[in-house]
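Topology and contacts: notes
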Amino acid sequence: RAATMKLVFTWCLVLVLCELTYSAAPRARLRHAPHEVGAASVCRAVSVMDAAADRAFLDWASDKCGDALSTNVELVTFSSGLRGLRAKQDLSARSPFLSWPAGYALQTTTGMRHPKGVDRDVWRSLDWYSQLACLLILEKKAGTTSDLAAWIQALPRDFDTPYGWRDADVAELHYPALEQAVSRQREAWARVRSQLEAGGVSCPQAEVEWALHCVRTRAFSGAYEGSTFQERVGLVVFAGLLTVLYPVIGAGTIEQSLTGAVAVLVFLVARDFGMPKVLDLKRYVLCPLIDMINHDSRVSSDVAYQVFSNAFSVTREEAVPAGEEVLISYGPRSNDQLLQYHGFVEPGSRFDVFVMPRFLEHIEAEVGVPDGALDAINTAGYSQAIRRGARLTHEGCPDELTLSMLRVLCAAGTSSPGGASARGGGDDKRELALLLAACRREAAALPTTRAADVEALATLEEAAGTRKLKEKEARTRTILAFRVEKKMLLDKAIAYLSAQTM
């Protein structure tokens, strides 16, 4: 009797732990989001949607998200031409204002089983964004039989990002780091079509690119919990039935039955909450309606997977007054990432960076790189970082990885711009002086100055007035805005490094 009571107590304890763990389920924070953004001063692309498809989507969405679309928010086109969500009533802070059923979203997770008709090995070889693109293509192929047909018809067809620009336009950004990133992106996306065809999914390259654009501009990611609440309930009920039937049919004693039940529950907890954290399991989601919320990096927001309702919900730390646009943050994304994947530039973003791939070239031209320096960098594990180049934060200072590379260079015997041996000191002045020299050479190599770009941008906006910019004008404005932001960071870095090396 004592052993049996102990097992029953253990089972009850495990159930309580399950309940507590479910209540504290991991929340999925945004990684990627729509390519449109809310702040009026931001340069961004405008997506034009078919009115009939829009109406069909709204009817479908209203049916899926209940009262949220009728009482909390509405989908509108703002005076700037951008589409997004607007608050229909005052939205409280830290309270979910929009919820969408997970069953009507596209998801891929770490280790997810391959879809029907797709080769297993090919599926496993795809990146997360290629897997989501594959799922989107399959749903689009299903036509009106797809549960997501109304949403798919409402997705934008055109994306004005550097991926589709002429090489000359990309070069006009005056930013080699993004030129290289776009080149790598084009190579990677070209491989996706051949991968999909090898896996049994055949479609034109244009369709593959459309799906990839939709994913990279609209998806978010977060921790994967292992299974849904409904699946866990089903497993617990099944385990309970076995616990009752096991002694009834004479297969064993009640003590053995309870021991097995406890083992099953422990396994469920370990599988769904222990292993995901240990293995860093992720879920990646394309979620209708949520993907139409625009961006402001100053906003504190969250998208969470709600275990009990099997739905994704959106909350903000700040309240939203009725009539105002509802904005969320896409996360700590630089203008490099925002422009490359979303097609816009956010002025003054605290997450922006300046990446200098020609960093080593500038040092070579300034003071020379001694023999053995590159070997020392490779030995220290910085070979990939040196190919990326120096990275300057929004405050103008180098990140820790850049500073570590500079220390290795100085320790290898590189001379500082002043001519002294730069072995690196406790205050890193010699390292920073070396970086300052590289930044000045980078600025001198740029075809235009920040002041000239600011003037050109102002002239363009003054000439346009209140009218909508033509496609070429809009792209020129985006290019100029990007150049202004990057050159502002470079100027800030030069000022910071000059002060630190005095």
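The structure under discussion appears in the preceding block.
Residues numbered from 1 in each chain as written. Predicted model: local features only at pLDDT ≥ 70, side-chain atom pairs only at ≥ 80, totals over all residues. Heavy atoms only, no water.

Soluble, globular proteins show a tendency: their nonpolar side chains are buried together. Grouped together as the largest cluster of nonpolar side chains are 69 residues, with contacts concentrated most on Leu-98, Leu-136, Trp-151 and Phe-312. In contact with Leu-136, other than residues within four places in its own chain, are Leu-106, Trp-151, Ile-152, Leu-155, Trp-210, Ala-211, Cys-214 and Leu-286. One finds Ala-177, Val-408, Leu-435 and Leu-436 within the second-largest nonpolar core, a separate group that totals 49 residues. (Core = buried A, V, L, I, M, F, W, Y, C linked by side-chain atoms within 4.5 Å. Buried < 20%, exposed > 50% of the residue type's maximum accessible area, 1.4 Å probe, protein only. Contact = heavy atoms within 4.5 Å.)

Once that is clear, we can look at helix H5 (residues 128-141). Given a rise of 1.5 Å per residue, 14 residues ought to cover 20 Å, and the 20 Å separating the end C-alpha atoms of H5 matches this to within 8%. Taken across its 14 residues, H5 has ten buried, putting it largely inside the fold. Buried residues of H5: Trp-128, Tyr-129, Ser-130, Gln-131, Leu-132, Ala-133, Cys-134, Leu-135, Leu-136 and Ile-137, and no others. Summarising the contacts, the buried residues of H5 are in contact with strand E4 (106-109), helix H4 (120-125), helix H6 (149-154), helix H8 (176-198), helix H9 (205-218) and strand E6 (282-286). Gly-143 sits one or two residues past H5 and shows a positive phi near 65 degrees. (Helix = DSSP H or I, 4+ residues; strand = E, 2+ residues; numbered from the N terminus. Expected span 1.5 Å × (residues − 1).)

The subject of this paragraph is the sheet that holds strand E9 (residues 311-316). Strand order across the open sheet formed by three strands is E3-E9-E8, with antiparallel pairing between neighbours. The two strands at the open ends of the sheet, each matched to only one other strand, are strand E3 (98-101) and strand E8 (301-306). Strand after strand, the sheet turns through a mean of 20 degrees between neighbouring axes, direction not considered. Examined bridge by bridge, E3 and E9 share four bridges and lie antiparallel to one another. Paired with Ser-99 across the bridge in E9 is Ser-313. (Pairing = 2+ DSSP bridges. Axes fitted to C-alpha atoms, helices over the stretch in contact; angles between N-to-C directions.)

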